[in-house]
Amino acid sequence: MASPQQQQIMTRESVTRPAETAASKTPGAACKLTARNIDFFYGSFQALHSISLDVPSHRITAFIGPSGCGKSTFLRTMNRMNEALRNTRVEGELRLDGQDILSMDVTTVRRRVGMVFQKSNPFPKSIFDNVAYGLRVNGISRKSVVEEAVERSLQHAALWTEVKDKLHKPASALSGGQQQRLCIARALAVEPEVLLLDEPCSALDPIATRRIEELLFELKEMTTIVIVTHNMQQAARIADLTGFFLLGKLMEIDDTKKIFQNPGKKETEDYVTGRFG
Amino acid sequence: MASSSIAGSLRHRANRGVLARLRGGDEISYLVTLACAVLIFVVVALIVAKLWGNSQPAIRAFGWDFLRTSRWNPNGGKFGALPFLYGTCVTSAIALLIAVPTGVASAIFLAEMAPPKLSNLLTFLIELLAAVPSVIYGLLGIFMLLPLIRVYLVPALKSTFGFLPLFQGSFYGVSFLSAGLVLAVMVIPFIVSVSREVLLAVPTEQREAALAVGATKWETTWDIVLPYARSGIFGSIFLALARALGETMAVTMVIGNTPKITASLLSPGYSIAAVIANEFAEASGDLYVSSLIFAGLVLFGLTIVINALARILILATSQKAATA
Ligand SMILES: Nc1ncnc2c1ncn2[C@@H]1O[C@H](COP(=O)(O)OP(=O)(O)OP(=O)(O)O)[C@@H](O)[C@H]1O
Ligand SMILES: [Mg+2]
């Protein structure tokens, strides 16, 4: 498997650059993931309406919007997690480094586009085995390689110093915030190029939340981050780019500063200023 | 106004009398449920005491030899239960050997792979099977399973594994193998319906966590879902085993009722439950009756020992899984 550095190099080379909107607004960032006219259906209910956006490489992109507006649905479309649900359908075009996500092998998509969930969901295994699981299913079994990758992932998830003496203890013995960082480590172990996080801090206290925010800030170096959050301060603190969803539509996506200080749409302004009904 | 009257009744609720408190439910529900729990314990204790007491003549006459000898001679007053113990263990082992893989695989199909409608329909049918009386399974065994075993299974076994002592000798129909197969058919529904429930109860978040790092559907099922459901699946297997060990009617009808210990699964045999059912009504003499009751005590003990071992096994594997 490529190291993060190699991956970065590969990414840079294989990027195709259509005339990007969002990417061009964050100078120096190549476009990692593009969505064009994504429609999504749960049965006959259309949850997403023609979503188009570009996720810039090595940036944090945040999605905000009222409950039920389709943020999670869109996030789960990007790594095709919704396919696990019956009776769903996606239309449109999704590209990762220019490659068509919807026709790619699904396990490859999910290895390259990792995901962290709202509720931390460690396996009932040891801390070590949790982080090593992704490596195992991706065919990496050399003990030294696995051990090294586990340590590196835990370090990147800012958990190493807390758990290095109890790697073989059950993950359930960790605190809520630690468990969520363990889930981040598990996702990082397979060196994803994009990391999707769906309200990763919603069950955590402010201190644990702060830790994860700092962590995400550092992870930008390694990977591209897309985060759904209900917490607007959080989006303002960490995101380079913020997209506002409303009723299954992407109302606008722009530099975070612009979204919060000078949004282009009335609905966005109402939402970020708390005037949203 | 209204709020003050509510406050009044709240105060009233706080210092009401015994009767009112009982009506409130906590105490009375505690007492009723406690009584039921104690009652169950008392019944089990009574059964054990009765079995123990009534088997005293046989225990005094034979002691451990009862479990070590094979002569079952009511006329000569000699009783050794080893062939029955052997038959019970062998038929249950055959049953589990077949029922566990088939049952767990079906449960995986129903819980993880089948479309929900098909899964619900099949589960309904399988749960019906669990309610079929065992005498019907016995008839089914005699009229359907035995001919099939004779025509297809035995020739196939003899031609592939015929060199093993397990499959030598002639086959007349009634046998350990037939009883084991009928038992397997009887216990599969238990394993399937309990295991399916347990698999369905595994949180979606667990599955998604595995899928999200690039695991395939099958890897997710095998690595994550099954281990998560492990203790429940074991539970279903022990339920099945308990049923197989104690099953009387269906086994009596197809095992052959011959108190012999043979290596060949094709030979007729006997089981503890079957011998008690067959001989108890006609047993004459204290020692004979007491020997049958002793056999019952042995069956009871066997069930308890196996259940205890099972619990230890579950505990050990779950601790290992958590620490290793
Ligand atoms: N499994 C499902 N089946 C049918 N409809 C669904 C399903 N999941 C979500 N929906 C519907 O799709 C719409 C978008 O849901 P989604 O979960 O994406 O919203 P969200 O923006 O993430 O909301 P929240 O902020 O509350 O998490 C909602 O109207 C929801 O009712
Ligand atoms: Mg959501």
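In this text, all values refer to a predicted model and were calculated from it rather than measured experimentally.

Reading the values: rules and limits
Every chain's residues receive numbers from 1 upward, in the order its sequence appears when written. Key to labels: chains lettered from A, ligands numbered from 1, both in the order written. Since the coordinates come from a predicted model, pLDDT governs what is reported: local features require at least 70, and pairs of side-chain atoms require 80 or more to be given and counted, while whole-chain, interface and lining totals use all residues. Side-chain figures throughout are based on the complete set of non-hydrogen atoms in the structure, without hydrogens or water. If a single non-hydrogen atom of a residue is within 4 Å of a molecule or strand, that residue counts as near it. We define a polar contact as two N or O atoms separated by no more than 3.5 Å, with the added condition that, inside protein, one atom must be a possible hydrogen donor and the other a possible acceptor, whereas residues neighbouring each other in sequence contribute only through side-chain atom pairs. To measure how exposed things are, a 1.4 Å probe is used in the Shrake-Rupley method; for residues, cover is taken only from the protein chains shown. Numbering of helices and strands runs from the N terminus, with a helix taken as a DSSP run of H or I at least four residues long and a strand as a DSSP run of E at least two residues long. Three categories are distinguished: nonpolar for Ala, Val, Leu, Ile, Met, Phe, Trp, Tyr, Cys and Pro, charged for Asp, Glu, Lys and Arg, and polar for the others, with Gly belonging to the last. Only rings of Phe, Tyr and Trp enter the pairing, Trp through its six-membered ring, and a pair is recorded when the two centres are within 6.5 Å. The plane angle decides the type: under 30 degrees is stacked, over 60 is edge-to-face, the rest tilted. Remark: exposure states derive from per-residue accessible area (1.4 Å probe, protein chains only) relative to the maximum for the residue type, with buried under 20%, exposed over 50%, and partly exposed in between. Charge-over-ring contacts are defined here by two conditions on Lys NZ or Arg CZ: a distance within 6 Å of the ring centre and an angle within 35 degrees of the ring normal. For every residue, the predictor states its confidence as a pLDDT score lying anywhere from 0 to 100. To define a nonpolar core, start from buried Ala, Val, Leu, Ile, Met, Phe, Trp, Tyr and Cys residues and group those joined through side-chain atoms within 4.5 Å. When checking whether two residues touch, look at their non-hydrogen atoms; a contact exists if any pair is within 4.5 Å. DSSP calls a pair of strands paired once it identifies at least 2 bridges connecting them. Comment: axis = line fitted to C-alpha atoms, over the contacting stretch for helices; angle = value between 0 and 180 degrees taken between N-to-C directions. A helix is expected to span 1.5 Å for every residue after the first.

K.L.:
Help me get a handle on the site of ligand 1, residues and values and all.
P.N.:
All names here are of chain A. Inspection of the region around ligand 1 gives 13 residues, with Ser67, Gly68, Lys71, Ser72 and Thr73 positioned closest. Within the side chain of Tyr42, an N or O atom sits 3.3 Å from a nitrogen atom of ligand 1. Contact between ligand 1 and Lys71: an oxygen atom at 2.7 Å from a side-chain N or O atom of the residue. Coverage of ligand 1 by the protein chains reaches 63% of its 630 Å² of free accessible surface. Per element, the largest residue contribution to the shell around ligand 1 is three residues, and it comes from helix α3 (residues 71-78). When grouped by side-chain class, the residues that make up the shell around ligand 1 number five nonpolar, six polar and two charged.

K.L.:
Tell me about the packing of aromatic side chains, residues and numbers included.
P.N.:
Taken as a whole, this structure holds 19 aromatic pairs over all chains when the rule is applied. A centroid spacing of 5.0 Å and a plane angle of 75 degrees characterise the contact between Phe40 of chain A and Tyr42 of chain A, whose relative ring orientation is edge-to-face. You can call Phe40 of chain A buried: its relative accessible area is 2%. Tyr42 of chain A sits in the partly exposed class, given a relative accessible area of 31%. Ring geometry for Phe84 of chain B and Tyr270 of chain B: centres 5.2 Å apart, planes at 75 degrees, overall edge-to-face. Pair noted here: Phe84 of chain B is in helix α6 (residues 82-113) and Tyr270 of chain B is in the loop between α13 (249-255) and α14 (272-279), with a separation of 186 residues, a long-range link. Across from the ring centre of Phe41 of chain A, 4.1 Å away, lies the NZ or CZ of Arg89 of chain A, which sits over that ring. Sitting over the ring of Phe217 of chain A, Lys220 of chain A keeps its end group 4.6 Å from the ring centre.

K.L.:
Please provide a residue-by-residue account of the confidence of the model for chain B, values included.
P.N.:
Residues and elements named next belong to chain B. Here chain B averages 88 in pLDDT, and 92% of its residues register 70 or above. When mean pLDDT is taken per element in chain B, α6 scores highest with 95 and helix α1 (residues 2-14) scores lowest with 66. We note a pTM of 0.82 for the whole complex and an ipTM of 0.85 for its interfaces.

K.L.:
Can you explain the nonpolar core? Please cite residues and give values.
P.N.:
By size, the foremost hydrophobic cluster in this structure holds 72 residues, and its most contacted members are Phe66, Trp72 and Leu199 of chain B. Those residues in contact with Trp72 of chain B that lie beyond four places of it in its chain are Phe66, Lys78, Phe79, Gly80, Phe84, Val275, Glu279, Tyr288, Ser291 and Leu292 of chain B. Judged by nonpolar contacts, the second largest core, of 49 residues, contains Ile140, Leu154, Leu182 and Ile212 of chain A.

K.L.:
Explain the pairing of strand β3 (residues 60-64) of chain A to me, and be specific about the residues and the numbers.
P.N.:
Every other side chain in a regular strand lies on the same face of the sheet, so the side chains alternate between the two faces. All names here are of chain A. The buried fraction of β3 amounts to five of the five residues, a majority that puts the element mostly inside the structure. Burial of the side chains of β3 extends over both faces: Ile60, Ala62 and Ile64 are buried on one face and Thr61 and Phe63 on the other. Sheet topology note: the β3/strand β8 (residues 224-228) ladder contains four bridges and is parallel. The residue bridging Ala62 from the neighbouring strand is Ile227, located in β8. Inspection of the sheet shows β3 paired to strand β9 (residues 241-246) by four bridges, in the parallel sense.

K.L.:
Provide a residue-level description of the sheet that holds strand β1 (residues 31-42) of chain A, including the pertinent values.
P.N.:
Residue and element names in this part refer to chain A. Taken together, the four strands give an open sheet; going across it, the order is β2-β1-β4-β5, and neighbouring strands pair in antiparallel fashion. The open sheet has two edge strands, β2 (45-56) and β5 (99-100), and neither has a second partner. In this sheet, β5 lies alongside strand β4 (residues 88-96) in antiparallel orientation, the contact comprising two bridges. Looking at the pairing, Leu96 lines up with Gln99 of β5. Running at roughly 120 degrees to β1, α3 makes contact with β1, β2 and β4 of the sheet.

K.L.:
Got a sec to walk through helix α8 (residues 134-161) of chain B? Specific residues and values, please.
P.N.:
Counted at 1.5 Å a residue, the expected span for α8 of chain B with its 28 residues is 40 Å, but the 31 Å between its end C-alpha atoms falls short. Every buried residue of α8 of chain B is listed here: Ser134, Tyr137, Gly138, Gly141, Leu146, Ile149, Val154 and Leu157 of chain B.

K.L.:
Describe the sheet that holds strand β7 (residues 194-198) of chain A, listing the residues and the values that go with them.
P.N.:
Residues and elements named next belong to chain A. The mixed open sheet is built from six strands, whose spatial order is β6-β7-β8-β3-β9-β10. At either margin of the open sheet sits one strand with a lone partner, and together these are β6 (113-116) and β10 (249-255). In this sheet, adjacent strand axes meet at a mean angle of 20 degrees when their direction is disregarded. Across the sheet, helix α9 (residues 206-219) lies against β3, β7 and β8, angled at about 150 degrees from β8, the strand it touches most.

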